[in-house]
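Chain by chain, the residues run as shown.
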Amino acid sequence: MRFKMRFSLSGLIVLAIVGITLAAPLISPYDPYAIDGAEPFLGPSLTHLMGTDDLGRDLFSRILYGGRITILIALAATIIALIIGTLWGMIAGVQRGWVDEILMRTADATMAIPQILFALVCVSAVGSSVFSLPIIAGLLLSPTTARMARTAVVVELASDYVVAAKATGLKKSRLIMTEVLPNIAPQLLVQLSINAAAAVMMEASLSFIGLGIQPPDASWGTLMLQGYGNLWNTSWFVFFPALVVTITILAFNSYGERIRVSLDSRKSSK
Amino acid sequence: MTNLLSVKNLSISVPSAKGRVSVVDNVSFEIPAGKKIGMVGESGSGKSLTAYALMRLIKSPVSIDGGEIFLNGREILGLSSKEFRLLRGNEISMIYQDPMSALNPIMRVGQQIIESIQLHSSVSKSVARKAAIDLLASVGIPEPESRIDSYPFEMSGGMLQRVVIAIALSGEPKVLIADEATTALDVTTQDRVLTLIDKLAAERNLSVLLITHDLGVAAQFSDDIMVMYAGKLVENGSVEQIFSNPAHPYTKALLDSRCDYTIDVNKPIKSIAGQPPRPDNRPSGCVFSPRCAHAEPKCSASVPPLTSSQGRLTACFRSDELFQVGAVN
């Protein structure tokens, strides 16, 4: 497929966030774990761009390092959700009948439970670590992905060219790999982007209520929790991690929207 | 001459509020090897469903209720889907109404042809590519060496239909079904595509079933014509017989409603009063009787069988008395 390279602010921000956080050790001005008792609760200044925390640790460096954890968890969760969700939805969409019913009603049932509650139960069951969190978040995001993938597969399977390909004698497995999957890939891409935003939110929420990443490691959620605890003496502290989370979620969501719009215009122009 | 394809008592039904209703009712016909048959009828008369049944592409909730389809002497409705998959494209293939949607939009056309070639013969990719270029050349695509790498959206409707034909022929089938294959094209392109199918059919000794609602197209292209009405085959004869001496009131009325440059513009265009019956509300007896100008009580009492009359098959009780050969109606 040929995508025209078009300028997209949201895409640029997504790229920048992922790039900067992954390159944290190269960029960050201080050691995020270095405690400096002489400089607690400093306000933002040129030496400490976002100030320091109660132990005198540089907040900017901590946000960069925290972002690594948050973004990595989000990306891993997104990929897990994509794989599980796509398989889930494709099996339902291809098999139809009672298989479809069971799979999709399971998805509905899962979606009926509030996500944060479900996450709480899972975290208390298996504990929270950089390994369990992506799996939990990925599992939680997969039903919506499955529902989307199923719809896309059903629509593709009914399309004229799939019927035409079938009429040339193509096997069902080939039909799905060469005709269906490439044609639903753009829709999956949109879902991927929306899932990434949701995963960032989920990690931040869990860490904020103390069930996510545990100190001394930091993620954006734990930094927000720390800032919340010190809200009365350093009101600016919570502002920075919250701002970064907001920008990230906004960027991922609007990038997804951007892809969706460009898909629509391609569909209507053909 | 042997019959390559023969359909016996094919019945297809769909579910409705009143239970399953028949949309193709007891249709039988034969296609001899190398013949071109036109199937004409209004929308909803069951033409396309008949074609889809031949390809076994009928999907639930539509179902085939009865009948047999023999392809090269082999009954195909009873085959397992795996067995029939091997016949698709190899023995029988199909081209579609809308070439734009019959091709995968994100795959190069060459790749789609190559895929089909490799499906039917185990040849290497480079051999298949050569064959694909030859096929494109044979369906009249200019510069096939460069066109093979085009995407569907880079080609015009007429060219896409040629690509679809190339794919249909890639397995060297013996029967080609063209389901409204020229309907989406403009008239000049339509003519060229028909000429192409005609030429290819002659070269490869193909049997062609051309499904169309355009009487002109059917007349120009076919050897024999089948007329469908409300799920029934009402007349089946040669082009000459059907167009010069129709022996069924529906065929006659259909021909009379044609509108071309020879009609008298001062007179109203003739039309058939009423609408074709809905599948869930078919009249008893002859399905055409409520709209027929020559209907008698017996017409709505029992179904006229498809019988031989004046050298062709027709399903009308009164065809002999109404349509004498040479008589002017």
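Shown above is the structure to which this text applies.
Just so you know, these numbers come straight off a predicted model, no measurement behind them. (Residues numbered from 1 in each chain as written. Chains lettered and ligands numbered in written order. Predicted model: local features only at pLDDT ≥ 70, side-chain atom pairs only at ≥ 80, totals over all residues.)

1. Considerations on the pairing of strand β7 (residues 175-179) of chain B
Residue and element names in this part refer to chain B.
Now for step 1: Of all 5 residues making up β7, 5 are buried, and the element is well covered by its neighbours.
Now for step 2: Alternating positions in β7 separate into two faces, Val175, Ile177 and Asp179 on one and Leu176 and Ala178 on the other, with burial throughout.
Now for step 3: As paired strands, strand β6 (residues 92-95) and β7 are joined by 4 bridges and run parallel to one another. Counterpart to Met94 in the pairing with β7 is Ile177.
Now for step 4: On the question of chirality, the crossover connecting β7 to the parallel strand β8 (residues 207-212) by way of helix α8 (residues 187-204) is right-handed. (Buried ≥ 20, exposed ≤ 12 C-beta atoms within 10 Å, placed from the backbone. Helix = DSSP H or I, 4+ residues; strand = E, 2+ residues; numbered from the N terminus. Pairing = 2+ DSSP bridges. Right-handed = clockwise from strand over helix to strand, strands pointing away.)

2. Brief notes about the sheet that holds strand β5 (residues 74-75) of chain B
Residue and element names in this part refer to chain B.
Now for step 1: Spatial strand order, β2-β1-β4-β5: 4 strands in an open sheet with antiparallel pairing. Strand pairing shows two members of the sheet lacking a second neighbour, β2 (19-32) and β5, which therefore form its edges.
Now for step 2: Of the strand pairs in this sheet, strand β1 (residues 3-16) and β2 are connected by 10 bridges, and their pairing is antiparallel. Counterpart to Ser13 in the pairing with β2 is Ser22.

3. Comments concerning the nonpolar core
Now for step 1: Formed by 108 residues in total, the largest nonpolar core has its most connected members in B:Val164, B:Ile177, B:Ala178 and B:Leu209.
Now for step 2: If one sorts the elements of this core by residue count, helix α7 (residues 157-169) of chain B sits on top with 9 residues.
Now for step 3: In terms of nonpolar packing, the next biggest core, distinct from the first, is built from 48 residues, A:Leu141, A:Ala199, A:Phe237 and A:Val245 among them. (Core = buried A, V, L, I, M, F, W, Y, C linked by C-beta atoms within 7 Å.)

4. What about α7(B)?
All names here are of chain B.
Now for step 1: For α7, which comprises 13 residues, the first-to-last C-alpha distance of 18 Å matches the rise-based estimate of 18 Å (1.5 Å per residue) to within 8%.
Now for step 2: Most of α7 sits inside the fold, with 12 of its 13 residues counted as buried.
Now for step 3: Those residues of α7 not exposed but buried are Gly158, Met159, Leu160, Gln161, Arg162, Val163, Val164, Ile165, Ala166, Ile167, Ala168 and Leu169.
Now for step 4: Structurally, α7 contributes buried residues whose contacts are with β6, α3 (99-102), α4 (109-120), α5 (125-138), β7 and α8. (Expected span 1.5 Å × (residues − 1). Contact = placed C-beta atoms within 7 Å.)

5. With respect to the interface of chain A and chain B
Now for step 1: On the side of chain B, 23 residues touch chain A, which itself brings 16 residues to the contact.
Now for step 2: For the side of chain A that touches chain B, the secondary-structure elements that each account for two or more residues are α7 (160-167) and α8 (172-208) of chain A.
Now for step 3: For the side of chain A that touches chain B, the element with the highest residue contribution is α7(A), accounting for 6 residues.
Now for step 4: Class assignment for the residues of the side of chain A that touches chain B results in 8 nonpolar, 5 polar and 3 charged. (Nonpolar A, V, L, I, M, F, W, Y, C, P; charged D, E, K, R; others polar.)

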